[in-house]
Amino acid sequence: MELYRDAKAAPEARAKDLLQRMTLREKVGQLNQRLYGFAEYEIRDGEFVPGGGFRAEVERYSGMGALYGLYRADPWSRRDFTNGLVGELAPRARNAVQRYVMEHSRLGIPVLMATECPHGHQALDGCLLPVNLAAAACFDPALLSAAAAVSARQLAELGVDLALVSCLDVLRDPRWGRSEECFGEDPLLASRMAEAVISAMQRQGVDVVAKHLCAQGETTGGVNASAARIGERELREIHLPPAEAAVRAGVQGFMAAYNEIDGIYCHANKRLLTGYLRGELGFNGIVMSDGIAIDQLDAVTGSRMMSGALALNAGVDIGLWDTAFSLLEEAAEAGAVSTARIDEAAYRVLLLKFRRGLFDEPFVPETAHYQLYADPGRFPEPAKLAAETPVLLKNEGGALPLALAGRRILLAGPAADDLYAQLGDYTPPQRPGTGSTVRAALEHLVAAGGGQLVYERGCGMFEPAPAEELARMTGAAARCDAVVAVLGGSSSRFSGGEFDANGALLAQHRATMDCGEGVDAAELRLPGGQMELLRALRAAGKPVITVIIAGRPYAMAEIERLSDAILYCFYPGPQGGEAIARILCGKLEPSGRLPASLPDSVGQLPVYYNYKDSYAAMRYYDDKKPPRWRFGSGMGYARFEHELLSAPEGELAAGGAICLRLALRNASGRDGAAVPQLYIHRTQGVATSRARQLVDWKKLRLRAGEGAETELSIPPEALRQWDGAAWVTPPGKIEWFLGDNGEDWASGEFTLGGTSA
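A. Unusual backbone geometry, seen in detail. Each neighbour pair has its own omega, and for leucine 213 with cysteine 214 the value is -10°, a cis peptide bond. Looking at the secondary structure, you find cysteine 214 in the loop between strand 6 (207-213) and helix 8 (232-239). Of note, the amide linkage connecting leucine 605 to proline 606 takes the cis form, showing an omega dihedral of 0°. Tracing the sequence through the fold places proline 606 in the loop between helix 20 (576-584) and strand 19 (640-646). Phi is positive for serine 62, close to 55°, though the residue is something other than glycine. Within the fold, serine 62 resides in the loop between helix 3 (52-61) and strand 3 (66-68).

B. The pattern of salt bridges, seen in detail. With the rule as written, the count across this model stands at 57 salt bridges. The salt bridge partner of arginine 248 is glutamate 195, with a shortest N-O separation of 3.6 Å. Remark: glutamate 195 occurs in helix 7 (residues 187-203) and arginine 248 occurs in helix 9 (residues 241-248); sequence separation between them is 53 residues. In this structure, glutamate 711 engages arginine 661 in a salt bridge whose closest nitrogen and oxygen atoms are separated by 3.9 Å. Separated by 50 residues along the polypeptide, glutamate 711 in strand 26 (residues 707-714) and arginine 661 in strand 21 (residues 658-666) bring together distant segments of the chain. The exposure class of glutamate 711 is partly exposed, given its relative accessible area of 37%. Among the charged side chains, a network of salt bridges with common partners joins Arg278, Asp317, Arg341, Glu344 and Arg348.

C. Region of interest: the sheet that holds strand 26. Sheet architecture is open: three strands sit in the order 19-21-26, paired in antiparallel fashion. Sheet topology places strand 19 and strand 26 at the edges, where each strand pairs with a single neighbour. Across the sheet, the mean angle separating the axes of adjacent strands is 25° when strand polarity is ignored. Relative to strand 26, strand 21 runs antiparallel, the two sharing eight bridges. Along strand 26, the bridge assignment pairs arginine 661 with glutamate 711.

D. Here's a closer look at the nonpolar core. Core analysis: the biggest nonpolar cluster contains 141 residues, and Met201, Leu213 and Phe254 have the highest contact counts within it. Considering every element that reaches this core, the biggest residue donor is helix 14 (residues 339-355), with nine residues. Core analysis: the next-biggest nonpolar cluster, separate from the first, contains 77 residues, Leu537, Val544, Trp629 and Tyr637 among them.

E. Here's a closer look at the side chain of serine 151. Structurally, serine 151 can be placed in helix 6 (residues 141-157). The exposure class of serine 151 is buried, given its relative accessible area of 1%. Residue contacts for serine 151: discarding those within four places in its chain leaves Cys117, Gly120, His121 and Cys127.

F. Here's a closer look at empty space enclosed by the protein. By the definition in use, this model includes nine cavities of 30 Å³ or more. There is about 100 Å³ of room inside the largest cavity. Lining the largest cavity are 15 residues, with Pro118, His119, Gly120, Leu129 and Val197 sitting closest to its centre. Within the residue set of the lining of the largest cavity, elements represented by two or more residues are helix 6, strand 5 (162-166) and helix 7. A breakdown of the residues in the lining of the largest cavity according to their chemical character gives ten nonpolar, five polar and no charged. Its boundaries defined by the atoms lining it, the second largest cavity holds a volume of some 80 Å³. Around the second largest cavity, the lining is made up of 14 residues, and of these Glu116, Asp290, Trp321, Tyr426 and Asn502 lie nearest the centre. When its residues are assigned to classes, the lining of the second largest cavity shows five nonpolar, three polar and six charged.

G. Layout of the pairing of strand 29 (residues 732-740). Of all nine residues making up strand 29, seven are buried, and the element is well covered by its neighbours. The loop that links strand 29 with its antiparallel partner strand 30 (residues 743-753) comprises two residues; one of these, asparagine 741, has a positive phi angle of about 55°.

H. Spotlight on the packing of helix 1 (residues 11-19) against helix 14. Relative orientation of the contacting elements helix 1 and helix 14 amounts to 130°, with a least axis distance of 9 Å. Taken together, the axis directions place helix 1 and helix 14 in an arrangement best described as oblique. As helix 1 packs across helix 14, the resulting crossing turns out to be right-handed. Across from Pro11, Glu12, Arg14, Ala15, Lys16, Leu18 and Leu19 in helix 1, the residues of helix 14 making contact are Asp343, Ala346, Tyr347, Leu350, Leu351, Phe354 and Arg355. Here the contact of helix 1 with helix 14 is composed, by residue class, of nine nonpolar, no polar and five charged.

I. Looking closely at the environment of glutamate 396. Its location among the elements puts glutamate 396 in the loop between strand 11 (391-395) and strand 12 (408-412). Taking C-alpha positions, glutamate 396 is 60 Å from glycine 302, a pair spaced 94 residues apart along the chain.

J. Layout of the layout of surface pockets. Of the volumes computed, that of the largest pocket is approximately 780 Å³. Forming the boundary of the largest pocket are 33 residues, of which Pro241, Gln693, Glu717, Ala718 and Arg720 lie nearest the centre. Mapped by element, the contributors of at least two residues to the lining of the largest pocket are helix 7, helix 8, helix 9, helix 10 (270-280), strand 23 (677-682) and strand 24 (693-697). Ranked by the residues each element gives to the lining of the largest pocket, the list is headed by helix 7, at four residues. Each residue belonging to the lining of the largest pocket can be placed in one class, and the counts come to 15 nonpolar, six polar and twelve charged. Space inside the second largest pocket adds up to approximately 540 Å³. Around the second largest pocket, the lining is made up of 23 residues, and of these Tyr609, Tyr611, Pro626, Pro627 and Arg630 lie nearest the centre. Classifying every residue of the lining of the second largest pocket gives 15 nonpolar, three polar and five charged.

K. Up close: the state of the cysteines. Counted under the stated rule, the structure contains zero disulfides. The thiol of cysteine 459 is unpaired, and the distance to the nearest cysteine sulfur, on cysteine 480, comes to 17 Å. Unpaired in terms of disulfides, cysteine 569 finds its nearest cysteine sulfur in cysteine 585, a separation of 14 Å. With relative accessibility at 0%, the residue cysteine 569 sits in the buried group.

About the cut-offs
- Residues numbered from 1 in each chain as written.
- Predicted model: local features only at pLDDT ≥ 70, side-chain atom pairs only at ≥ 80, totals over all residues.
- Heavy atoms only, no water.
- Helix = DSSP H or I, 4+ residues; strand = E, 2+ residues; numbered from the N terminus.
- Salt bridge = Lys/Arg side-chain N within 4 Å of Asp/Glu carboxyl O.
- Buried < 20%, exposed > 50% of the residue type's maximum accessible area, 1.4 Å probe, protein only.
- Pairing = 2+ DSSP bridges.
- Axes fitted to C-alpha atoms, helices over the stretch in contact; angles between N-to-C directions.
- Core = buried A, V, L, I, M, F, W, Y, C linked by side-chain atoms within 4.5 Å.
- Contact = heavy atoms within 4.5 Å.
- 1 Å grid on protein atoms, 1.4 Å probe; cavity = no way out; pocket = protein on both sides within 12 Å on 5 of 7 lines; lining within 4 Å.
- Points joined across faces, edges and corners; volume = space filled by probe spheres on them.
- Nonpolar A, V, L, I, M, F, W, Y, C, P; charged D, E, K, R; others polar.
- Parallel < 35°, antiparallel > 145°, perpendicular 65-115°, else oblique.
- Left-handed = near helix turned anticlockwise from the far one by under 90°.
- Disulfide = S-S within 2.5 Å.

What follows is the structure in structure tokens.
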């Protein structure tokens, strides 16, 4: 028996043995991942039939490296409940693909199954979570981990090997349409959330390909895939920490980003993909390209073959939908790539397959049990996550929670009764009755509380506000005691559109999205006639509670002025409507905090809180105000008292964690949550510092009257600076700030002594 067929042998030995038995073409086949998943198959008489392109690919390479998107369902894939993989057919199809590949491979090599999982599984009956920007607002990595584990269990039952997970991008410009895919503007928050997701998914047996590496969230003017015009210090301080967290979590793959950094595309950046990732971090998994990104290197090489060679030599191991990697044989014959580099990449792919046990147990049980993970009654973790994502920013005059008994509440706004507006981009079709909109949940709660809910949409999400609808709405507002306006945007592709070759929105038939991949914005205003609607509601003279459901930060100056209370909700997922309604009615405590700062106007950008102290942020002669709400803002209904028990002071030695201790007490009659946050500012060092830098936080849930003590720390890595060649810890004065909801409770300083690298 050949060594590679011996299940008792080490995966490394098996991979090396198999590799030396393969032809050059078979090795190149392991590096290709064409669009032969959702795009190829048919369903005939209820059975799965693989497509001709898929079969030709397997024949050409005597196997297949990876198959993308077999389960994907959305408007781009044109798969839904009428023609997609659902019920027992889904795992049956997966097994049919695996069986075909292995039977038509000379050496019996199985295929890796890769699927999109940016906020849950993008498949029919997929378990969906709040988008990343919403999940980050919970400020609780353990809560996110529990929800991600549910999604991962579903993926595992469906035989998914590689989950393509958005978790590396750091949001620096909210005009970017993919803002919703980020864990916010802070590298520490993003890192902890990324580590939580990756660890949870891989514990369930699904390997993660973390995307995107890197600095895609920097952008030029908020435009997708545009240049990151930054230096190495900004790269290391802001954009690389999530990648380092991913490696700590044991991630098995990275996906390179579309953008360039200082003139070098990430897919061609050997210093990034090989020197940094493998040399500095010691990463030994696979690097995957983004969709058709290698072909786009033609802008540099002028040759499709040379584009493939450039990416492979830089450190990309496996392509995604491109044609360039199919030309690697020719590139090797021309001397543009070495057979040793092809062997290296193929070995990594084979090793992953052996480690996953695909050669020994290539098939999965053919049951529909995986559908249960989308049921919040059986698996409540995603709903629990959704409940802690809304952020209460304003609550004047006790507008919230709503008093219900004997009162009439007007519910208005286009986002109040639109489930898809809660879900974000990369979303599959939903079954009727799935989830809950704000209207559906609020109708039940208001009636149960002895009140009456009146609903008037007022206007469409993207259309001007019709005079007759506004008149009807304002008339209803005059007859009510309070108004709830549910406004916002949408990343839903289900209202029509045209898509680029990589699935991004290319051109819309009509304006039905204001966020999502390919939907970048010059302004940060509510779309359509929604501001006109809000002005009309304000003029009615009743308390106005504004709920924003969005995929990015909006400009908030006028919204704040017209609202008595504001609840900001990044797309909270299918159960988000229920969570919002329960918060409005006081059945649930708001506990979210902003993962990204909210500006007054687009002209203030950038408004991230951790700007450099080399300049005074937000000081324009024609705009005197700072950003409306900064990172970390958010409050609840409960009231907390706090006491500083111990804090760093004097001269302290470098090298160990520096701790601060505090006591908190819930001084209200309601259960609630506090999120104490610790920031620092270095006033002396080898380079400019951040005006503020988050170094630690805790989320404490305390019952009415309950108290607790907790400790926050400044870890040694938070005190480092990049000197241009290495990380160093220079001595000098450090200021610290402790607070919550954008306000400081306490502050102080200490001096760091000594020098350590």
